[in-house]
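Working through the structure, step by step
The residues making up each chain are set out below.
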Amino acid sequence: MGKENMAIKCRIYPTAEQRVLFAKTFGCCRKIYNLMLADKIACYRKTGKALMTTPAQYKEAYPYLKEVDSLALANEQLHLQEAYRNFFRDRRIGFPKFKAKKRDWNSYTTNVVNGNIAVVGKGIKLPKAGIVPAKIHRSAPSGWKLKSVTVSQARDGRYYASLLYEGDMSAVPVDLSGDISHIGLDYKSNGLYMDSLGHLADMPHFYRKSQKKLSREQRRLSRKVRGSKNYEKQRLKVAMVSAHTANQRKDFLHKLSAEITNQYDLVSVETLNLRGIAKWRRLGKATYDNGFGVFCTMLEYKQHKKGHYFMKVGKFFPSSQLCQCGYKNPETKDLQVRIVTCPKCGCTYDRDHNAAINIDKEGLRLLMEAFQAAA
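Described below are features of the structure shown in this document.

What counts, and at which threshold
- Residues numbered from 1 in each chain as written.
- Predicted model: local features only at pLDDT ≥ 70, side-chain atom pairs only at ≥ 80, totals over all residues.
- Heavy atoms only, no water.
- Helix = DSSP H or I, 4+ residues; strand = E, 2+ residues; numbered from the N terminus.
- Buried < 20%, exposed > 50% of the residue type's maximum accessible area, 1.4 Å probe, protein only.
- Lys, Arg positive; Asp, Glu negative; His and termini not counted.
- Charge placed at Lys NZ, Arg CZ, Asp CG, Glu CD.
- Pairing = 2+ DSSP bridges.
- Axes fitted to C-alpha atoms, helices over the stretch in contact; angles between N-to-C directions.
- Contact = heavy atoms within 4.5 Å.
- Expected span 1.5 Å × (residues − 1).
- Core = buried A, V, L, I, M, F, W, Y, C linked by side-chain atoms within 4.5 Å.
- Phe/Tyr/Trp six-rings, centres within 6.5 Å; stacked < 30°, edge-to-face > 60°.
- Lys NZ or Arg CZ within 6 Å of the ring centre and 35° of its normal.

Okay, the overall build of the protein next. Counting secondary structure elements, the protein contains eight helices and 13 strands. Projected onto its principal axes, the C-alpha positions of the protein cover 80 × 60 × 55 Å. Counting all 375 residues of the protein, 41% fall into the buried class. Charged side chains in the protein number 66 positive and 33 negative. The centres of these two groups are separated by 11 Å.

So this is what it looks like as C-alpha coordinates:
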(Lines give C-alpha, C1' and ligand atoms only; values in the text may rest on other atoms or scores of the structure.)
Protein backbone atom coordinates (compact mmCIF):
# COMPACT_ATOMS: atom_id res chain seq x y z
CA MET A 1 0.00 0.00 0.00
CA GLY A 2 1.30 3.46 -0.88
CA LYS A 3 1.27 6.59 1.21
CA GLU A 4 -2.01 8.50 1.34
CA ASN A 5 -2.88 12.01 2.50
CA MET A 6 -5.93 12.92 4.54
CA ALA A 7 -7.03 16.34 5.77
CA ILE A 8 -9.21 17.01 8.81
CA LYS A 9 -10.66 20.51 8.93
CA CYS A 10 -11.85 21.83 12.28
CA ARG A 11 -12.94 25.16 13.64
CA ILE A 12 -10.59 27.02 15.98
CA TYR A 13 -11.38 29.75 18.51
CA PRO A 14 -8.26 31.94 18.84
CA THR A 15 -7.89 34.48 21.62
CA ALA A 16 -7.62 38.20 20.85
CA GLU A 17 -3.82 37.97 20.97
CA GLN A 18 -3.80 34.94 18.67
CA ARG A 19 -6.15 36.68 16.21
CA VAL A 20 -3.68 39.57 16.00
CA LEU A 21 -0.86 37.11 15.30
CA PHE A 22 -2.90 35.37 12.60
CA ALA A 23 -3.69 38.73 10.96
CA LYS A 24 0.02 39.57 10.95
CA THR A 25 0.88 36.19 9.46
CA PHE A 26 -1.73 36.52 6.72
CA GLY A 27 -0.40 39.95 5.84
CA CYS A 28 3.27 38.91 5.91
CA CYS A 29 2.55 35.92 3.68
CA ARG A 30 0.89 38.21 1.12
CA LYS A 31 3.77 40.67 1.43
CA ILE A 32 6.53 38.12 0.89
CA TYR A 33 4.67 36.54 -2.02
CA ASN A 34 4.25 39.91 -3.74
CA LEU A 35 7.86 40.92 -3.07
CA MET A 36 9.26 37.73 -4.56
CA LEU A 37 6.91 37.90 -7.55
CA ALA A 38 7.79 41.57 -8.24
CA ASP A 39 11.53 40.85 -8.10
CA LYS A 40 11.17 37.83 -10.37
CA ILE A 41 9.27 39.89 -12.95
CA ALA A 42 11.75 42.78 -12.76
CA CYS A 43 14.76 40.47 -13.12
CA TYR A 44 13.29 38.65 -16.11
CA ARG A 45 12.44 41.91 -17.88
CA LYS A 46 15.95 43.23 -17.30
CA THR A 47 18.10 40.14 -17.92
CA GLY A 48 15.78 37.58 -19.47
CA LYS A 49 16.73 35.09 -16.74
CA ALA A 50 14.81 33.59 -13.83
CA LEU A 51 15.60 34.85 -10.33
CA MET A 52 15.74 32.57 -7.30
CA THR A 53 14.34 34.32 -4.23
CA THR A 54 13.95 33.30 -0.57
CA PRO A 55 12.04 34.94 2.29
CA ALA A 56 15.24 35.33 4.34
CA GLN A 57 16.68 37.95 1.99
CA TYR A 58 13.77 40.35 2.71
CA LYS A 59 13.81 40.19 6.52
CA GLU A 60 16.49 42.88 6.92
CA ALA A 61 14.52 45.41 4.86
CA TYR A 62 11.21 44.36 6.47
CA PRO A 63 11.95 43.49 10.14
CA TYR A 64 8.30 42.71 10.93
CA LEU A 65 8.61 39.51 8.86
CA LYS A 66 10.59 38.07 11.79
CA GLU A 67 7.52 38.31 14.04
CA VAL A 68 5.65 35.50 12.27
CA ASP A 69 6.27 31.81 11.64
CA SER A 70 9.22 31.42 9.23
CA LEU A 71 7.81 28.16 7.83
CA ALA A 72 4.66 30.01 6.75
CA LEU A 73 6.83 32.38 4.71
CA ALA A 74 8.84 29.46 3.29
CA ASN A 75 5.60 27.85 2.09
CA GLU A 76 4.74 31.04 0.21
CA GLN A 77 7.99 30.58 -1.70
CA LEU A 78 6.89 27.02 -2.60
CA HIS A 79 3.44 28.28 -3.64
CA LEU A 80 5.02 30.85 -5.96
CA GLN A 81 7.30 28.22 -7.51
CA GLU A 82 4.29 25.97 -8.07
CA ALA A 83 2.38 28.83 -9.69
CA TYR A 84 5.28 29.35 -12.10
CA ARG A 85 5.45 25.62 -12.91
CA ASN A 86 1.72 25.51 -13.58
CA PHE A 87 1.96 28.51 -15.88
CA PHE A 88 4.79 27.04 -17.98
CA ARG A 89 3.05 23.65 -18.01
CA ASP A 90 -0.18 25.10 -19.34
CA ARG A 91 -0.36 28.77 -20.40
CA ARG A 92 -4.15 28.71 -20.09
CA ILE A 93 -3.74 28.66 -16.29
CA GLY A 94 -2.37 32.19 -16.44
CA PHE A 95 0.65 33.98 -15.06
CA PRO A 96 0.91 34.29 -11.23
CA LYS A 97 -1.00 37.31 -9.91
CA PHE A 98 -0.20 39.61 -7.03
CA LYS A 99 -2.18 38.90 -3.88
CA ALA A 100 -4.63 41.46 -2.48
CA LYS A 101 -6.15 41.61 1.01
CA LYS A 102 -9.67 42.25 -0.24
CA ARG A 103 -9.60 39.58 -2.94
CA ASP A 104 -7.55 36.63 -1.71
CA TRP A 105 -8.32 34.08 0.94
CA ASN A 106 -6.66 34.71 4.33
CA SER A 107 -4.59 31.61 5.05
CA TYR A 108 -1.11 30.29 5.73
CA THR A 109 0.47 26.83 5.92
CA THR A 110 3.11 25.69 8.39
CA ASN A 111 4.92 22.36 8.65
CA VAL A 112 5.59 19.97 11.52
CA VAL A 113 9.22 20.22 12.68
CA ASN A 114 10.43 18.70 15.98
CA GLY A 115 6.95 18.60 17.49
CA ASN A 116 6.18 22.29 16.98
CA ILE A 117 2.62 21.35 15.93
CA ALA A 118 0.39 18.91 17.79
CA VAL A 119 -3.21 18.22 18.75
CA VAL A 120 -3.31 18.76 22.52
CA GLY A 121 -6.55 17.96 24.32
CA LYS A 122 -9.15 20.44 23.10
CA GLY A 123 -6.68 22.61 21.21
CA ILE A 124 -4.00 22.71 18.53
CA LYS A 125 -0.45 23.76 19.33
CA LEU A 126 0.87 26.12 16.64
CA PRO A 127 4.23 27.91 16.22
CA LYS A 128 4.30 31.43 17.73
CA ALA A 129 0.61 31.12 18.72
CA GLY A 130 0.79 28.43 21.39
CA ILE A 131 -2.28 26.27 22.04
CA VAL A 132 -5.32 27.50 20.09
CA PRO A 133 -8.73 26.25 21.37
CA ALA A 134 -10.38 24.04 18.76
CA LYS A 135 -13.39 21.82 18.17
CA ILE A 136 -11.73 18.45 17.45
CA HIS A 137 -14.66 16.52 15.99
CA ARG A 138 -12.66 13.52 14.77
CA SER A 139 -9.14 12.15 14.91
CA ALA A 140 -6.81 10.58 12.35
CA PRO A 141 -6.50 6.78 12.08
CA SER A 142 -3.89 5.09 14.23
CA GLY A 143 -0.42 5.28 12.74
CA TRP A 144 -1.07 8.34 10.60
CA LYS A 145 1.46 11.16 10.94
CA LEU A 146 0.68 14.88 11.09
CA LYS A 147 2.58 16.71 8.34
CA SER A 148 1.29 20.28 8.20
CA VAL A 149 -1.49 22.66 9.24
CA THR A 150 -3.24 25.34 7.21
CA VAL A 151 -4.82 28.14 9.25
CA SER A 152 -7.51 30.14 7.44
CA GLN A 153 -10.09 32.82 8.10
CA ALA A 154 -13.38 32.66 6.22
CA ARG A 155 -15.24 35.70 4.89
CA ASP A 156 -17.63 35.56 7.84
CA GLY A 157 -14.72 35.98 10.29
CA ARG A 158 -14.54 32.37 11.52
CA TYR A 159 -11.17 30.64 11.84
CA TYR A 160 -10.35 27.10 10.72
CA ALA A 161 -7.37 24.74 10.85
CA SER A 162 -6.88 22.01 8.26
CA LEU A 163 -4.68 19.21 9.60
CA LEU A 164 -2.87 17.23 6.90
CA TYR A 165 -1.98 13.64 7.82
CA GLU A 166 0.04 11.03 5.95
CA GLY A 167 -0.32 7.28 6.33
CA ASP A 168 -0.91 3.93 4.69
CA MET A 169 -4.27 3.17 3.12
CA SER A 170 -5.71 0.12 4.86
CA ALA A 171 -8.82 -0.42 2.72
CA VAL A 172 -8.92 -3.71 0.79
CA PRO A 173 -10.31 -3.33 -2.76
CA VAL A 174 -13.63 -5.05 -3.43
CA ASP A 175 -13.24 -8.46 -5.12
CA LEU A 176 -14.53 -8.12 -8.69
CA SER A 177 -14.61 -11.86 -9.36
CA GLY A 178 -18.05 -12.12 -7.74
CA ASP A 179 -21.22 -10.05 -7.80
CA ILE A 180 -20.89 -6.40 -6.80
CA SER A 181 -23.50 -3.78 -5.99
CA HIS A 182 -23.50 -0.94 -8.50
CA ILE A 183 -25.46 2.18 -9.42
CA GLY A 184 -25.40 4.89 -12.10
CA LEU A 185 -26.14 8.59 -11.55
CA ASP A 186 -27.40 10.98 -14.22
CA TYR A 187 -27.21 14.72 -13.51
CA LYS A 188 -30.48 16.68 -13.17
CA SER A 189 -30.58 20.47 -12.89
CA ASN A 190 -33.75 20.40 -10.78
CA GLY A 191 -32.79 17.56 -8.44
CA LEU A 192 -29.03 16.88 -8.44
CA TYR A 193 -29.33 13.41 -10.00
CA MET A 194 -31.58 10.54 -11.04
CA ASP A 195 -30.15 7.10 -10.26
CA SER A 196 -30.47 3.88 -12.24
CA LEU A 197 -33.12 2.62 -9.79
CA GLY A 198 -35.39 5.54 -10.66
CA HIS A 199 -34.82 7.51 -7.43
CA LEU A 200 -34.45 11.30 -7.52
CA ALA A 201 -31.96 12.90 -5.10
CA ASP A 202 -34.40 15.77 -4.45
CA MET A 203 -31.82 18.44 -3.66
CA PRO A 204 -33.33 21.01 -1.22
CA HIS A 205 -31.92 24.02 -3.21
CA PHE A 206 -30.56 25.87 -0.19
CA TYR A 207 -29.54 28.96 -2.15
CA ARG A 208 -33.06 29.55 -3.47
CA LYS A 209 -34.43 29.22 0.07
CA SER A 210 -31.97 31.77 1.45
CA GLN A 211 -32.13 34.12 -1.54
CA LYS A 212 -34.76 36.41 -0.04
CA LYS A 213 -32.81 36.86 3.19
CA LEU A 214 -29.52 37.29 1.31
CA SER A 215 -31.05 39.95 -0.96
CA ARG A 216 -32.35 41.87 2.05
CA GLU A 217 -28.94 41.86 3.75
CA GLN A 218 -27.20 42.88 0.51
CA ARG A 219 -29.60 45.83 0.07
CA ARG A 220 -28.75 46.97 3.58
CA LEU A 221 -25.06 46.67 2.78
CA SER A 222 -25.48 48.80 -0.34
CA ARG A 223 -26.76 51.69 1.85
CA LYS A 224 -23.72 51.70 4.14
CA VAL A 225 -20.66 53.89 3.63
CA ARG A 226 -17.86 51.70 2.32
CA GLY A 227 -15.05 51.46 4.86
CA SER A 228 -17.15 52.42 7.87
CA LYS A 229 -17.71 50.20 10.93
CA ASN A 230 -21.37 49.76 10.04
CA TYR A 231 -20.35 48.64 6.57
CA GLU A 232 -18.03 46.01 8.02
CA LYS A 233 -20.72 44.76 10.42
CA GLN A 234 -23.22 44.41 7.59
CA ARG A 235 -20.63 42.78 5.33
CA LEU A 236 -20.13 40.09 7.96
CA LYS A 237 -23.90 39.50 8.08
CA VAL A 238 -23.97 38.99 4.31
CA ALA A 239 -20.99 36.66 4.55
CA MET A 240 -22.63 34.66 7.35
CA VAL A 241 -25.79 34.10 5.28
CA SER A 242 -23.68 32.90 2.34
CA ALA A 243 -21.54 30.69 4.59
CA HIS A 244 -24.63 29.14 6.20
CA THR A 245 -26.05 28.29 2.77
CA ALA A 246 -22.74 26.76 1.67
CA ASN A 247 -22.50 24.73 4.87
CA GLN A 248 -26.06 23.43 4.46
CA ARG A 249 -25.25 22.31 0.92
CA LYS A 250 -21.96 20.71 1.94
CA ASP A 251 -23.60 18.88 4.87
CA PHE A 252 -26.33 17.49 2.60
CA LEU A 253 -23.82 16.34 -0.04
CA HIS A 254 -21.52 14.74 2.55
CA LYS A 255 -24.36 12.73 4.09
CA LEU A 256 -25.75 11.70 0.70
CA SER A 257 -22.36 10.65 -0.69
CA ALA A 258 -21.59 8.69 2.50
CA GLU A 259 -24.95 6.90 2.23
CA ILE A 260 -24.26 5.90 -1.39
CA THR A 261 -20.71 4.77 -0.58
CA ASN A 262 -21.94 2.54 2.24
CA GLN A 263 -24.42 0.80 -0.09
CA TYR A 264 -22.62 0.36 -3.42
CA ASP A 265 -19.29 -1.11 -4.49
CA LEU A 266 -19.36 0.77 -7.81
CA VAL A 267 -20.72 4.23 -8.57
CA SER A 268 -20.72 5.48 -12.17
CA VAL A 269 -21.27 9.07 -13.27
CA GLU A 270 -21.02 10.95 -16.54
CA THR A 271 -18.30 13.57 -17.00
CA LEU A 272 -19.98 16.89 -17.73
CA ASN A 273 -19.01 20.44 -18.61
CA LEU A 274 -20.90 22.00 -15.72
CA ARG A 275 -19.75 25.51 -16.59
CA GLY A 276 -21.18 25.07 -20.06
CA ILE A 277 -24.46 23.79 -18.60
CA ALA A 278 -24.60 26.78 -16.24
CA LYS A 279 -24.35 29.18 -19.17
CA TRP A 280 -27.04 27.40 -21.19
CA ARG A 281 -30.62 28.67 -20.91
CA ARG A 282 -30.15 30.42 -17.57
CA LEU A 283 -29.33 27.25 -15.65
CA GLY A 284 -26.50 28.86 -13.68
CA LYS A 285 -28.41 29.28 -10.43
CA ALA A 286 -29.68 25.69 -10.42
CA THR A 287 -26.33 24.22 -11.50
CA TYR A 288 -24.22 26.01 -8.90
CA ASP A 289 -26.82 25.44 -6.18
CA ASN A 290 -26.69 21.68 -6.81
CA GLY A 291 -22.93 21.39 -6.41
CA PHE A 292 -22.78 18.24 -8.54
CA GLY A 293 -19.04 18.62 -9.19
CA VAL A 294 -18.31 18.77 -5.45
CA PHE A 295 -20.64 15.82 -4.93
CA CYS A 296 -18.70 13.73 -7.47
CA THR A 297 -15.42 14.65 -5.78
CA MET A 298 -16.82 13.50 -2.44
CA LEU A 299 -18.03 10.25 -3.95
CA GLU A 300 -14.69 9.57 -5.60
CA TYR A 301 -12.51 9.91 -2.52
CA LYS A 302 -15.01 8.14 -0.24
CA GLN A 303 -15.27 5.21 -2.63
CA HIS A 304 -11.46 5.07 -2.84
CA LYS A 305 -11.16 5.24 0.96
CA LYS A 306 -13.40 2.19 1.36
CA GLY A 307 -11.77 0.21 -1.43
CA HIS A 308 -14.80 0.69 -3.68
CA TYR A 309 -14.81 1.86 -7.29
CA PHE A 310 -15.81 5.13 -8.96
CA MET A 311 -16.08 5.21 -12.75
CA LYS A 312 -16.39 8.25 -15.00
CA VAL A 313 -18.22 7.68 -18.28
CA GLY A 314 -17.15 9.96 -21.13
CA LYS A 315 -19.36 12.94 -21.88
CA PHE A 316 -19.69 11.83 -25.53
CA PHE A 317 -21.26 8.51 -24.51
CA PRO A 318 -24.91 8.71 -25.77
CA SER A 319 -26.48 7.85 -22.42
CA SER A 320 -29.75 9.70 -23.12
CA GLN A 321 -30.11 8.49 -26.71
CA LEU A 322 -29.71 4.74 -26.24
CA CYS A 323 -32.84 2.74 -25.54
CA GLN A 324 -32.47 -0.49 -23.57
CA CYS A 325 -33.16 -2.39 -26.79
CA GLY A 326 -30.02 -0.83 -28.29
CA TYR A 327 -31.75 1.66 -30.62
CA LYS A 328 -30.14 5.14 -30.74
CA ASN A 329 -33.02 7.60 -30.77
CA PRO A 330 -32.14 11.00 -32.35
CA GLU A 331 -35.35 12.47 -30.90
CA THR A 332 -33.68 12.72 -27.46
CA LYS A 333 -31.19 15.31 -28.74
CA ASP A 334 -33.95 17.81 -27.97
CA LEU A 335 -33.57 18.32 -24.21
CA GLN A 336 -37.19 19.42 -23.90
CA VAL A 337 -38.26 15.83 -24.62
CA ARG A 338 -38.47 14.28 -21.14
CA ILE A 339 -40.65 11.22 -21.82
CA VAL A 340 -39.49 9.13 -24.78
CA THR A 341 -41.19 6.39 -26.78
CA CYS A 342 -38.80 4.13 -28.65
CA PRO A 343 -39.88 3.73 -32.33
CA LYS A 344 -38.20 0.31 -32.47
CA CYS A 345 -39.49 -1.56 -29.39
CA GLY A 346 -42.36 0.78 -28.40
CA CYS A 347 -41.08 1.17 -24.84
CA THR A 348 -41.93 4.45 -23.08
CA TYR A 349 -39.47 5.71 -20.47
CA ASP A 350 -38.16 8.76 -18.61
CA ARG A 351 -35.03 10.03 -20.37
CA ASP A 352 -33.10 10.67 -17.12
CA HIS A 353 -33.86 7.25 -15.66
CA ASN A 354 -32.86 5.62 -18.94
CA ALA A 355 -29.63 7.65 -19.06
CA ALA A 356 -28.76 6.58 -15.50
CA ILE A 357 -29.26 2.91 -16.46
CA ASN A 358 -26.98 3.33 -19.48
CA ILE A 359 -24.34 5.09 -17.36
CA ASP A 360 -24.51 2.24 -14.84
CA LYS A 361 -24.04 -0.39 -17.56
CA GLU A 362 -21.21 1.50 -19.25
CA GLY A 363 -19.41 2.11 -15.95
CA LEU A 364 -19.64 -1.58 -15.08
CA ARG A 365 -18.36 -2.52 -18.53
CA LEU A 366 -15.38 -0.15 -18.25
CA LEU A 367 -14.51 -1.49 -14.78
CA MET A 368 -14.62 -5.13 -15.88
CA GLU A 369 -12.60 -4.27 -18.99
CA ALA A 370 -9.91 -2.65 -16.84
CA PHE A 371 -10.01 -5.58 -14.38
CA GLN A 372 -9.52 -8.16 -17.15
CA ALA A 373 -6.70 -6.12 -18.71
CA ALA A 374 -4.89 -5.97 -15.38
CA ALA A 375 -5.35 -9.71 -14.70
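Further remarks concern the sheet that holds strand 5 (residues 130-133). With antiparallel pairing, three strands are arranged side by side in an open sheet as 3-4-5. Looking at which strands have only one partner, the edges of the open sheet turn out to be strand 3 (118-120) and strand 5. Geometrically, the sheet is characterised by an average inter-axis angle of 35° between neighbouring strands, direction not taken into account. Bridging between strand 4 (residues 123-126) and strand 5 involves four bridges; their strand directions are antiparallel.

Right, let's talk about the sheet that holds strand 9 (residues 192-195) for a bit. As summarised here, the arrangement of the four strands in space is 9-8-10-11, forming an open sheet in which the pairing is mixed. Looking at which strands have only one partner, the edges of the open sheet turn out to be strand 9 and strand 11 (309-313). Here the average twist between neighbouring strands, direction ignored, is 30°. Here four bridges tie strand 8 (residues 182-188) to strand 9, and the two strands are oriented antiparallel to one another. Across the sheet, residue Leu185 finds its bridge partner in strand 9, namely Asp195. Packed onto the sheet, helix 7 (residues 292-306) meets strand 8, strand 9, strand 10 (266-270) and strand 11 and runs at close to 140° relative to strand 11. The sheet contacts of helix 8 (residues 351-374) involve strand 8, strand 9, strand 10 and strand 11, and relative to strand 8 the element is tilted by about 135°.

Moving on, we get to helix 7. Its 15 residues place the ends of helix 7 21 Å apart at the C-alpha level, agreeing with the 21 Å of an ideal helix rising 1.5 Å per residue. A positive phi of about 85° marks Gly307, the residue just after helix 7.

Along the chain, Thr25 turns up in helix 1 (residues 16-47). Sequence spacing of Thr25 and Asp175 is 150 residues, and the spatial spacing of their C-alpha atoms is 49 Å. Residues in contact with Thr25, not counting those within four places in the same chain, are Val68, Ala72 and Tyr108.

Moving on to the nonpolar core. Core analysis: the biggest nonpolar cluster contains 38 residues, and Ile12, Phe22, Tyr108, Ile124, Leu126, Val149 and Val151 have the highest contact counts within it. Residue assignment for this core shows that the elements contributing at least two residues are strand 1 (3-12), helix 1, helix 2 (70-89), strand 4, strand 6 (145-153) and strand 7 (159-168). In terms of residues, this core owes the most to one element, helix 1, which gives eleven residues. Sequence-distant contacts of Val149, defined by excluding residues within four places in its chain, comprise Tyr108, Thr109, Thr110, Ile117, Leu126, Ala161, Ser162 and Leu163.

Attention now moves to the packing of aromatic side chains. All told, the structure shown has twelve aromatic pairs when counted by the stated rule. Ring centres of Phe87 and Phe95 lie 5.3 Å apart, and the angle between their planes is 90°; this geometry places the pair in the edge-to-face category. A network of ring pairs unites the aromatic residues Phe22, Phe26, Tyr108 and Tyr159 as a single cluster. Lying across the ring of Tyr84, Lys40 places its NZ or CZ 5.4 Å from the centre. Geometry around Tyr33 places Lys99 over its ring, the cationic atom sitting 4.5 Å from the centre.

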